[in-house]
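# Reading the structure
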Amino acid sequence: MNLDLRLAVPALAVWLTAGLLIGTPEAVGVVAVTLWLLAGGCTALLVLSRMPRRGQWPGAPRAGRWQTLGGTLVLCCTGAALVATAVGVWAPVRLPSEVRGAAESHAAITATITVWSVPVAAKAFIGSGTSGRVRFKATLTQLESRGETTPVSSPVVVFAEASRSGAEPEIGSSLVVRGTLRTTEPGDATVALLFVNETARGVAPPPWWLQWANELRARFKTAATSLAGDGGDLLPGLAIGDTSAVSPGLDTAMKTSSLSHLTAVSGDTV
């Protein structure tokens, strides 16, 4: 069985372009235009090379090596240009000027968010243990700052006070919160951190196509934590990213045995 690696170079070019431009979005415009020009130039040269020259028989052999190289260059430039264009189009949507301005000025904002991950205990910035707050991923759908309300669609990580009743927001629910924003590093999965300084107010429950999953998740957690031993407390964290049943002693034991990454990874990917 022979491997066909002709698309390996174009795929590598696309991945490299995406990785570099996501980390440096300020250069995306110039790079996209340059790549489109290169793709057009390589395409024109490739077409000209396939045209029969004057005095050359139509069936005469052509420069096959150049045509193969030219086709690869066209694919590389076109794929990279498409990726650069996509990054250039979506970067302002993910991080609009209103969100960036509110983060840079450290202004207090009122935000409407949609929850998209299970709230987990946030670690303390100093020392070990938790901070008494929870963190979860959400989409910032509306931003109100300095009397102006703007609809947005920005992925954020929310840090909020843990609920005293233990009833944390469910995936798919909409909340109104007040707090401040801080932008993340370019290339991060989220564009900003939202630090909530007041109790969140519920706006809408999860839609029905998500609520059934939330109920299933809650029943699974109840069934798992009823099992004897530490395994029952660890199972929700491994399966659904809910580490609320993990006691401080068990958390310390997991860290001592270098196994704490198991629940950390599960919590981040659910």
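Residues numbered from 1 in each chain as written. Predicted model: local features only at pLDDT ≥ 70, side-chain atom pairs only at ≥ 80, totals over all residues. Heavy atoms only, no water.

It is worth spelling out the packing of aromatic side chains at this point. A full pass over the atoms with the stated rule returns two aromatic pairs. Between Phe159 and Phe195, the aromatic rings sit 5.3 Å apart at their centres with planes inclined by 15°, giving stacked as the arrangement. With Phe159 in strand S4 (residues 148-161) and Phe195 in strand S6 (residues 192-196), the pair connects residues that are 36 residues apart, well separated along the chain. On the basis of relative accessibility, which here comes to 15%, the residue Phe159 falls in the buried class. (Phe/Tyr/Trp six-rings, centres within 6.5 Å; stacked < 30°, edge-to-face > 60°. Helix = DSSP H or I, 4+ residues; strand = E, 2+ residues; numbered from the N terminus. Buried < 20%, exposed > 50% of the residue type's maximum accessible area, 1.4 Å probe, protein only.)

Next up on the list: unusual backbone geometry. Notably, His106 is not glycine yet its phi reads approximately 55°, a positive angle. Mapped onto the elements, His106 comes out in the loop between helix H4 (97-105) and strand S1 (109-115). The class of His106 is exposed, set by a relative accessible area of 58%. The backbone of Arg146 sits at a positive phi, close to 55°, despite the residue not being glycine. The topology assignment puts Arg146 in the loop between strand S3 (130-145) and S4.

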